[in-house]
Amino acid sequence: MNKNTEQISIEISQSKNQFRFLKSNTRPCHIAVVGATGMVGQELLSILHQRRFPVASIKAFASENSAGEKLDFGDDEIVVAELKPDSFAGVEVAFFAVDGDLAKTYCAIAAKSGTVCIDKSSAHRKDTDVPLVVPEVNPEDIALYKKRNIISSPNCTATPLVQVLAPLHKKAGLKRVVMSSYQAVSGAGQSGMEELNKQTRDLFNMRDIESTVFENRIAFNVLPCIPAGADWLADGSTDEEAKVIEESRRILGLPHLKMAVTCVRVPVFNGHSESVNIEFEKPISPQEAREILSQAPGVVVIDDPKTKLYPTPIEASGEDLTLVGRIRQDTSVAHGLTLWLTSDNLRTGAALNAVRIAEILCSEHLS
Ligand SMILES: NC(=O)c1ccc[n+]([C@@H]2O[C@H](COP(=O)([O-])OP(=O)(O)OC[C@H]3O[C@@H](n4cnc5c(N)ncnc54)[C@H](OP(=O)(O)O)[C@@H]3O)[C@@H](O)[C@H]2O)c1
């Protein structure tokens, strides 16, 4: 462990912003994880256990290829079953960690039979009758689940961004946000991790490189195009960039916020990072921003210009907080700040956000 990493790990463990929404008297719930064998699904199981989510029973579903496989849930093992239309009998809350098409089909089936669905895919994020929630920012929207029995969890790049923007907005009013991302290959699922691993080994062994998950070589390269293979929008932006803008505006309740976003895939295994320029309505100094963010739920400030302490995805990986550093004045506008953030896209950006939603749902709405 290098010096920076050691210091950061101490600061994370001392942060007061580690929080749990669960009330101590919450009754145990019958739950299911759909896509349990995938990157997000496995993280979900591990976080549910780590946070001692009150579980009356738990089911794990995946494709027929994984049926019969055993997954760890603490000291117990869960046998994976094939996802079928009748999978949801007796399930009160189901986490969906599968692709959008599958989530759309099966959330509709599960919701109809009374299961509340927490969907990690993008299938329902634009539906105005489905709440899109980051619990640190708009927990009150969870109550709107009753309209369709579905709650949507945002994109893994939008989630840490709004965690940081929301408290700064309260202080100085957001005027314009410019963000460039540095997104890890785990954001493209298990197959993205495998492709970076294989390409790196092939390069060192002088073998030909094959790209199947990403459009171009990702090893020792960066790709300004997420998701790979998808058509670009009419204005030349990508689907990921449009999602980050639309979802951030919706969660912050600022439908007209000016935003410019570029999303870039980088050869990092896990942990998304973002460089963010923020223009405010009112003055705000870097020190004020540090103080506000050091109190913000879900965020830890790792920022010491004197010792050059700053966070990287290595420190963010496996953690529950969004790490923020390099906070400085942006002198190109009247009231501007520039900052850097990094978070675990599988946890903060996906599984942890979904579990936090479930903590509020079960404590306050299903009890
Ligand atoms: N990775 C991230 O950072 C991230 C962040 C935010 C949101 N998300 C979203 O979360 C979802 C899951 O992503 P992931 O990265 O975990 O993907 P992944 O690693 O590729 O896992 C996909 C999961 O879907 C299951 N599945 C595939 N076909 C199925 C079928 N016909 N029936 C039932 N299950 C099926 C797979 O089961 P088998 O193992 O049996 O194939 C696996 O459990 C996606 O919508 C993604 O956009 C991902």
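Here the structure is a predicted model, which is why all the values come from computation and not from measurement.

Student: Any chance you could explain unusual backbone geometry here in plain terms?
Tutor: The general pattern is negative phi for most residues beyond glycine and trans for most peptide bonds. Here Ile 226 and Pro 227 are connected by a cis peptide whose omega angle stands at -5 degrees. As for its placement among the helices and strands, Pro 227 is situated in the loop between helix H5 (190-204) and helix H6 (239-252). Phi is positive for Met 206, close to 55 degrees, though the residue is something other than glycine. With a phi close to 55 degrees, Phe 220 is a non-glycine residue in the positive phi region. For Phe 220, a relative accessible area of 55% translates into the label exposed.

Student: How should I be thinking about the site of the ligand in this particular structure?
Tutor: Surrounding the ligand, one finds 25 residues, the nearest of these being Thr 37, Val 40, Ser 63, Ser 66 and Val 98. Note that an oxygen atom of the ligand is positioned 2.9 Å from one of the backbone N or O atoms of Met 39. Here the ligand has 900 Å² of accessible area as a free molecule, and 73% of this is covered by the chains. For the shell around the ligand, the secondary-structure elements that each account for two or more residues are helix H2 (39-50) and helix H9 (347-365). Of the residues that constitute the shell around the ligand, the class distribution is eleven nonpolar, twelve polar and two charged. Residue-level mapping places the shell around the ligand at the junction of two domains, with at least three residues from each of domain 1 (10-154 + 350-365) and domain 2 (158-345).

Student: Explanation requested: the state of the cysteines in the structure shown.
Tutor: Among covalent bonds in proteins, the disulfide is the one between the sulfur atoms of two cysteines. Taken as a whole and assessed by the stated rule, the structure comprises zero disulfides. Here Cys 29 is not cross-linked by a disulfide; its sulfur's nearest cysteine counterpart is in Cys 362, at 3.6 Å. Unpaired in this structure, Cys 263 has its nearest cysteine sulfur neighbour in Cys 156, at a distance of 9.1 Å. Taking the relative accessible area as the measure of exposure, Cys 263 reaches 0% and is therefore buried.

Student: Explanation requested: the side chain of Arg 290 in the structure shown.
Tutor: One can find Arg 290 in helix H7 (residues 286-295). Residue classification places Arg 290 among the buried residues on the basis of a relative accessible area of 16%. Here Arg 290 is in contact with Val 301, Asp 303, Pro 305 and Ile 327, once residues within four sequence places are set aside.

Student: Even after reading the chapter, I still don't get the nonpolar core, so can you show me in this structure?
Tutor: Nonpolar side chains in soluble globular proteins tend to end up buried together. In terms of nonpolar packing, the biggest core is built from 37 residues, with Leu 168, Leu 252, Ile 278, Leu 293 and Leu 339 touching the most fellow members. It is helix H4 (residues 158-172) that provides the largest number of residues to this core, a total of seven residues. Setting aside its immediate chain neighbours within four residues, Leu 293 contacts Asn 17, Val 164, Pro 167, Leu 168, Val 299, Val 301, Val 324, Ile 327 and Leu 339. Cys 29, Val 93, Val 355 and Leu 361 belong to the second-largest nonpolar core, a separate cluster that totals 35 residues.

Student: Please explain the pattern of salt bridges as it appears in this structure.
Tutor: As a working rule, side chains carrying opposite charge can pair if their charged atoms are close by. This structure, assessed with the given rule, holds 16 salt bridges. Across the salt bridge formed by Asp 202 and Arg 207, the nearest N and O atoms sit 2.9 Å from each other. Among the ionic pairs, Asp 320 bridges to Arg 347, the shortest N-O distance being 2.8 Å. With Asp 320 in the loop between helix H8 (313-316) and strand S12 (322-329) and Arg 347 in helix H9, the pair connects residues that are 27 residues apart, well separated along the chain. Assessed through its relative accessible area of 13%, Asp 320 is described here as buried. Each of Glu 43, Arg 51, Asp 320, Arg 347 and Glu 359 takes part in salt bridges that share partners, so that together they form one network.

Student: Honestly, helix H3 (residues 100-112) in this entry has me stumped. Any pointers?
Tutor: Residues separated by three or four positions in an α-helix point in the same direction, a consequence of the helix having 3.6 residues per turn. For H3, spanning 13 residues, the distance from its first C-alpha to its last is 18 Å, which sits close to the expected 18 Å at 1.5 Å a residue. Every buried residue belonging to H3 is among Ala 103, Tyr 106, Cys 107, Ala 110 and Ala 111, and all of these are buried. Considering only its buried residues, H3 is in contact with strand S5 (93-96), strand S6 (116-119) and strand S7 (150-152). For H3, the side-chain oxygen to backbone nitrogen distance between the N-cap and Asp 101 is 3.1 Å, and the N-cap itself is Asp 99.

Cut-offs used in this document
Residues numbered from 1 in each chain as written. Predicted model: local features only at pLDDT ≥ 70, side-chain atom pairs only at ≥ 80, totals over all residues. Heavy atoms only, no water. Helix = DSSP H or I, 4+ residues; strand = E, 2+ residues; numbered from the N terminus. Buried < 20%, exposed > 50% of the residue type's maximum accessible area, 1.4 Å probe, protein only. Near = heavy atom within 4 Å. Polar contact = N/O pair within 3.5 Å; in protein donor to acceptor, adjacent residues only side chain to side chain. Areas by Shrake-Rupley, 256 points an atom, 1.4 Å probe, with all protein chains shown as cover. Nonpolar A, V, L, I, M, F, W, Y, C, P; charged D, E, K, R; others polar. Domains from an automatic or database assignment. Disulfide = S-S within 2.5 Å. Contact = heavy atoms within 4.5 Å. Core = buried A, V, L, I, M, F, W, Y, C linked by side-chain atoms within 4.5 Å. Salt bridge = Lys/Arg side-chain N within 4 Å of Asp/Glu carboxyl O. Expected span 1.5 Å × (residues − 1).

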